[in-house]
Structures are given as C-alpha cells and as structure tokens.
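# A closer look at the structure
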Amino acid sequence: MKLGFLVDLDLCMGCKGCEVACKVENQVPLKSWRLRVKYVDVGVYPETKRTYTPLRCNHCEDAPCERICPVSALHYLENGIVNIDKERCIGCAGCMMACPYGAIYMDPVTNTADKCTYCAHRIASEMMPACVVACPVEANIFGDLDDPASHISQYIMRHQKDGGVQVRKPEKNTKPKHFYVGGGEVHLNPLASKREEGYNLFNKITHLDHIGGH
Amino acid sequence: MVEHTVAATNAIVTLDVPIPQVIWGWMITLNMWAKSIGTGVIFVGAYLLARYSKEVGKDVKFWMPVISFVFLNIFLLFTLLDLHQPFRMWHIFAHPHWTSAITVGAWLATLFTGVVFLMLIIALKEPLLKHKRKLPKFLVAILESKWLNDELYNKLLKAAVVLAIPVTMYTATIMGEATARELWQTPTELIQMLLAALLTGSAVFLIIGYKWSYEVKRDLAIILGASAFLSFVIYMGEYYFGHMKAEEVEAILAYVKDSGPYHVMFWAGQWIAFIIPMVLVYLSLKSRSSSLLLLASVSAIVGLYITKHVWLIIPQLLPLS
C-alpha cells in the first residue's frame, strides 16, 4: 500500500475548510499550519481571477527530511506516510532546511518539528484524513496509489491523458506522493507570484521572525 | 523582490500564512566559523611540525591543541544551544540515523574533540606539573603517568589530522542534504569548508607566531593567500555564473546582487576575508613585513564570519511554497 493525495484545483473554492479541520483534528498551535490554502490573484482588472492552492506535506518517496533527520524522528510508515516521532525529535531544524516545500514547522509548544501526517492516527482507525472529510466539493482525493482500482488511481489515470497531473518541484527528485490536477505555474511555483505588502486580504503576508519557542 | 511574474498573469499572493524565514541563524554561522579554526590549526600545525619542528615545534605543540580545543568547544556549545531540545542531544548517540550528515558529523566531531583533548593534556602536562601542590592528587597521578608522552602526542596528531578532514567538511554535506536550498551544492561547499580551515588555521598561527622567523611566516602567508584566492574565485563563480544553474539560484543570488538587502554585507565579507588579506600577503612577501601579515590574519578571521553568515542566510530568505 502506498497512500497518496490529489487535489483537484479546478474544484477547490478556497473555503479553507480543510485548513480549519486540520487545525482542530491535530490541535495545531497558533502561528503554525500543517495545511494551508494560499490565495494568488492573477491578471489585471477587470480580467482577474483568484486561485487557491492547498499546501501540505508531499510525503515524498525519497524524502529529504527523512534523510537529514539525525535521530530518525522522521520515518516512513509501511503505507508510505512520512511520519514524525515528536518524542525523539531534538529540534535541530534540519528537516525544515531540507524540505523543498516548506511543509515542516517548529511546534512552539513542544519545541519539536511537526508536519502533516495525512492524519496517520485516523488512517490507523480506517478513517479518512480530516481535510478530506471537511472538503465540501471533494477536491481532496486520498487513497492507495498501488491499487489501480482506487479512486485516486482512477482520477490520476483519467487526467493523465492530457498531462494534467502535476507535482510540486519535480526537479528536486523527491518523488512526491501528493498530486495536483488543474494547476499551473502560479499554483505550484512559489517564485511565479509576488509577495507584496499591502496586497493582502486579511493578514500581512509577512515572515515569522521567531521559529518555535527557542 | 526575487519572485518573477509576467504582466499577463501579474500574480500576487493575496492571502497566506506567515512563513518561516531564517531557521539557521548566527549560531550556525558561529558553529561553522569556530569549527574552521578548530580543525584548521590542526592541518596547519601538522604542516609546521613536519617542516619547521626544530624552530617552532615547542610553540606549535602547545598552542595547536589549546586553540583547537577551545574553538571545538565553542562549536559544540553553539551546536547544542541551537537545538530546540538541547537535552535530547544524546538521541544522536542512542538513535543514530546514518544517512544524516548531522549524525555522522556529531559522532566524528565528538571523537575528534576527544583526540584533541588528549593532546591538550599532554601539552599542558609540563606547565601544570610545575604547580603540582595545588592540583588534586588524581590529576597529578594522571599527568605523571608514563603513557602521556611525546610519542603518544605524535600518534594522536596523525589521528587528529585524518579526523579533521571529515570534521571540517561534513557541514558541507549537511548543506547538500538541505534539498530546499539550491544554492548550496555539496562539492563546492566541501572545498569551501576545507579552504576556510586552511585560511583560519594559517591566520591563527601568523598571530601566535608573530615573533617567528619570516621563513616560517612566509609559508603561512602563502597558505593564507592561496586559500583566500581560491575561496574568492569560487564565490565569484557562484556570484557571476550561478544564475545559469537554476531559477532558484538566480532568485537567491538576487539577495546579494546590486539592489539586494545583503549586497553590502556580501561584498564586505569578500573584501575583509579574501581581497584585503590577499593584497596584504602580496605586499608582505615583497617587503618581508610581519605587521602586514598580522593585519591580513585578523582581517581573514573576521571576514570569514561575515562571508559564512551571508551564504548561510540568503537561501533561507526564499519562499519555498
């Protein structure tokens, strides 16, 4: 079994239901996110469009975070999930330096690294990840990539024909197990959109000046 | 602004969470800088002992382990302090993960520090035994034991030189394992780490050996000048040609290019660490001036910290997602 994720960006409407469900399910502290939805506005008025991209851990097959972790706190589960043992983590932040997707954060409460685990605890109880359940338009598709009959495999096959299935930063050779359908450069390449103060909707697009409780 | 967007798309992030920026800061710079000195004095000290043993052997045998041990401890202390869970450091030894350069480095650095500590004990044996009465009995017994002798020191030095190579270079592999930071490529960083050790090692001995003959200092000056030159060439290669490799490298280098926030700091580092020492070494070789070499050494040691810091910070400024 190799679990994977797919987000159909044509369906996503940026409601952030997945983000909130993840926060609640995993008790993610303030200023930290396992899953977030990024809004990028494209075009010039009146020809404008708002795009939404849910971003979470890619559970790479060749995960740089797992490789650099000095104590195996980050480790693979048999189902392909890259899991984290917070009791073992020493907080060196090597994983944060290694992850090309910026998917790992330093938990300010425990002072250890943390990230999306595809809700490994729910999967162990044969439940879907919280974000999948919360999505009102079924844009989040989760399942076994090794099973050609699974919903995710079928979805990939259906959209593969027109080259519509993508991963983030394939050049990093991390073999992500998180796919996107309907995405473009603006969705998946962080360098393809500007981050300018004053153009944000509700909050400042700033940087964290403090990593964890250190 | 390192991001790019075409007028047709005019893509602007309008809602996102605050993202982490500098994860590894000045403590890691200090870590690398102190490690360069701690290992560099071993490389250069071993060379001096091999070539000028009669002339400077006594001084080198004393100062080499003293300085190495002090700076290795600064390196280890700040490595520990930079951890968010420093009291779990022992996990590296109890649950080692050997694909991680952090693990390999921690083990080798610990072994290396142990070897240098034994060398330090031998180096301090004579001066300490002069104050025998003030020392605890067990320490006197240890210091007076027969196996703490020059023969053991020489054997330990060989081991120290061998261990110093991976210890000084392993950080480059950590940087290489940081897949997110495209600027750092392991082969280049390996050479930069080695050159940094030779630069600081020779600089430290030029300061300690201010009163040594100019013949010895000339050798040290050549090591200093050559290390500065090679390191500078590699940085310039990255600076001017790095953008050809990848979009990310181009975006990162924009932070040190003309209008980048680290432009001044980058060039300050290059001048203080490499250009000024190179010029001073050249002038000194022409005039046989020791004062110029002293100035070059201090400049190189200070400048290396600035250079390392800029190179550590800039890849972390890039948005990853």
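The preceding data block contains the structure.
Residues numbered from 1 in each chain as written. Chains lettered and ligands numbered in written order. Predicted model: local features only at pLDDT ≥ 70, side-chain atom pairs only at ≥ 80, totals over all residues. Heavy atoms only, no water.

## A short note on the overall build of chain A
Quick reminder of the rule: Comment: elements are numbered from the N terminus, with helices defined as DSSP H or I runs of at least four residues and strands as E runs of at least two. The globule rule is 2.2 Å times the number of residues to the power 0.38, and the radius of gyration it is compared with is taken over C-alpha atoms. Contact definition: two residues touch when any of their heavy atoms are within 4.5 Å. For accessible areas, the Shrake-Rupley method is used with a probe of radius 1.4 Å. Any residue's cover is judged against the shown protein chains and nothing else. The convention is simple: Lys and Arg are positive, Asp and Glu are negative, and His and the chain ends are not counted. A charge is said to be at NZ when it belongs to Lys, at CZ for Arg, at CG for Asp and at CD for Glu.
Per the secondary structure count, chain A includes 7 helices and 11 strands. Over its C-alpha trace chain A gives a radius of gyration of 17 Å, about what one expects of a compact globule, namely 17 Å for 214 residues. Contacts in chain A between residues far apart in sequence, at least 24 positions, make up 57% of those at least 6 positions apart. In the form shown here, chain A has an accessible surface area of approximately 9,300 Å², with 53% of it arising from carbon and sulfur atoms. A gap of 4 Å separates the mean positions of the 25 positive and 25 negative side-chain charges of chain A.

## Re helix 10 (residues 290–313) of chain B
Stated precisely, the cut-off is as follows: One less than the number of residues in a helix, times 1.5 Å, gives the span that helix is expected to have. A simple rule labels every residue: compare its accessible area, found with a 1.4 Å probe on the protein chains alone, to the largest value its type can have, and call it buried under 20%, exposed over 50%, or partly exposed in between.
Across its 24 residues, helix 10 of chain B extends 35 Å between first and last C-alpha, which sits within 8% of the 34 Å expected from 1.5 Å per residue. Within helix 10 of chain B, 17 of the 24 residues are buried, leaving the element largely enclosed by the surrounding structure.

## Re the sheet that holds strand 10 (residues 178–181) of chain A
Residues and elements named next belong to chain A. What counts is decided by this rule: For two strands to count as paired, DSSP must find a minimum of two bridges between them.
Read across the open sheet, the 4 strands follow the order 8-1-10-9; overall the sheet is mixed. The open sheet has two edge strands, strand 8 (140–144) and strand 9 (165–166), and neither has a second partner. The sheet contact formed by strand 1 (residues 3–8) and strand 8 spans 5 bridges and is antiparallel. Bridge pairing links F5 to F142 in strand 8.

## A closer look at the packing of helix 6 (residues 186–208) of chain B against helix 7 (residues 214–241) of chain B
Residues and elements named next belong to chain B. Convention followed: To obtain each axis, a line is fitted to C-alpha atoms, and for helices this fit is confined to the stretch in contact; angles are then taken between N-to-C directions over 0 to 180 degrees. Throughout this description, any angle smaller than 35 degrees is read as roughly parallel, any larger than 145 degrees as roughly antiparallel, any in the 65 to 115 degree range as roughly perpendicular, and the remainder as oblique. For a crossing to be left-handed, the near helix must be turned anticlockwise from the far one by less than a right angle; the clockwise case is right-handed. Gly is put with the polar residues, along with every residue not named as nonpolar or charged; the nonpolar set is Ala, Val, Leu, Ile, Met, Phe, Trp, Tyr, Cys and Pro, and the charged set is Asp, Glu, Lys and Arg.
As a packed pair, helix 6 and helix 7 sit with axes 8 Å apart at the nearest point and diverge in direction by 150 degrees. Relative to helix 7, helix 6 is oriented roughly antiparallel. Relative to helix 7, the crossing made by helix 6 is left-handed. Contact residues: T188, I191, Q192, L195, L198, L199, S202, A203, F205 and L206 in helix 6; K217, L220, A221, I223, L224, S227, A228, L230, S231, I234, Y235 and E238 in helix 7. Grouping the amino acids of the contact of helix 6 with helix 7 by side-chain chemistry returns 15 nonpolar, 5 polar and 2 charged.

## Considerations on the sheet that holds strand 1 (residues 12–15) of chain B
With antiparallel pairing, 3 strands are arranged side by side in an open sheet as 3(A)-2(A)-1(B). With partners counted over all chains shown, the strands left at the sheet margins are strand 3 (47–55) of chain A together with strand 1 of chain B, one partner each. If you compare each strand with its neighbour and ignore which way they point, the axes differ by 35 degrees on average. Pairing between strand 2 (residues 36–44) of chain A and strand 3 of chain A: 9 bridges, direction antiparallel. Each residue of the ladder has a partner; that of A:V44, found in strand 3 of chain A, is A:E47.

## Things to note about the interface of chain B and chain A
Often, the extent of an interface is quoted as the loss of accessible area upon association of its parts. Formally: A 1.4 Å probe defines the accessible area here, and the buried area is the portion of it lost by two parts on being joined, summed over both. In the sections that follow, a salt bridge refers to a side-chain nitrogen of Lys or Arg positioned within 4 Å of a carboxyl oxygen of Asp or Glu. Any N or O atom pair separated by 3.5 Å or less is treated as a polar contact, with the protein-specific requirement of one donor-capable and one acceptor-capable atom, and with residues adjacent in sequence counted only for side-chain atom pairs.
Taken together, the 54 residues of chain B in the interface contact 65 residues of chain A. Contact between chain B and chain A buries roughly 5,700 Å² in total, counting both sides, with carbon and sulfur atoms accounting for 58%. For the chain B face of the interface with chain A, the top three residues by lost area are B:T14, B:L15 and B:H84, together amounting to 15%. Its salt-bridge partner being A:K172, residue B:E248 comes within 3.2 Å of it at the nearest N-O pair. The interface formed by chain B and chain A holds 36 residue pairs in polar contact (both at pLDDT 80 or more) in total. Elements with a minimum of two residues in the side of chain B that touches chain A: strand 1, strand 2 (19–20), helix 1 (26–82), helix 2 (91–94), helix 3 (101–129), helix 5 (150–177) and helix 8 (247–253) of chain B. Tallied by class, the residues present in the side of chain B that touches chain A amount to 28 nonpolar, 17 polar and 9 charged. Of the strand pairs in this sheet, strand 2 of chain A and strand 1 of chain B are connected by 3 bridges, and their pairing is antiparallel.

## Here we look at the packing of aromatic side chains
What counts, and what does not: Working definition: rings of Phe, Tyr and Trp (its six-membered ring) pair if their centres are within 6.5 Å, and the pair is stacked with planes under 30 degrees apart, edge-to-face with planes over 60 apart, and tilted otherwise.
In this structure the tally under the stated criterion is 19 aromatic pairs over all chains. Between the aromatic rings of A:F5 and A:Y118, the centroid separation amounts to 5.3 Å while the plane-to-plane angle is 40 degrees, which identifies the pairing as tilted. In this pair, A:F5 is assigned in strand 1 and A:Y118 in the loop between strand 7 (112–114) and helix 4 (120–124), connecting sequence segments 113 residues apart. Here A:F5 matches A:Y118 in class, with each residue buried. Look at B:Y235 and B:W311: their rings are 5.0 Å apart centre to centre, the planes differ by 85 degrees, and that puts the pair in the edge-to-face class. Taken as a pair, B:Y235 in helix 7 and B:W311 in helix 10 lie far apart in primary sequence, 76 residues in all.

## Topic: the pattern of salt bridges
For the structure shown, the criterion picks out 21 salt bridges over all chains. Where A:R122 meets A:E25, a salt bridge forms, and the shortest distance between an N and an O atom there is 3.2 Å. Separated by 97 residues along the polypeptide, A:R122 in helix 4 and A:E25 in helix 1 (residues 17–26) bring together distant segments of the chain. When the shortest N-O distance is used, the salt bridge between A:D41 and A:R50 registers 2.7 Å. Each of B:R51, B:E215, B:R218, B:D219 and B:R288 takes part in salt bridges that share partners, so that together they form one network.

## Some remarks on the nonpolar core
Our working definition: Nonpolar cores are built from buried Ala, Val, Leu, Ile, Met, Phe, Trp, Tyr and Cys residues. Side-chain atoms within 4.5 Å join them into one set.
Membership of the largest hydrophobic core comes to 152 residues, with the highest contact counts inside it found for B:L48, B:M64, B:F112, B:F205 and B:I314. In contact with B:L48, other than residues within four places in its own chain, are B:S53, B:V56, B:V60, B:F205, B:W212, B:V216 and B:L220.

Shape is all these values report; function is a separate question.
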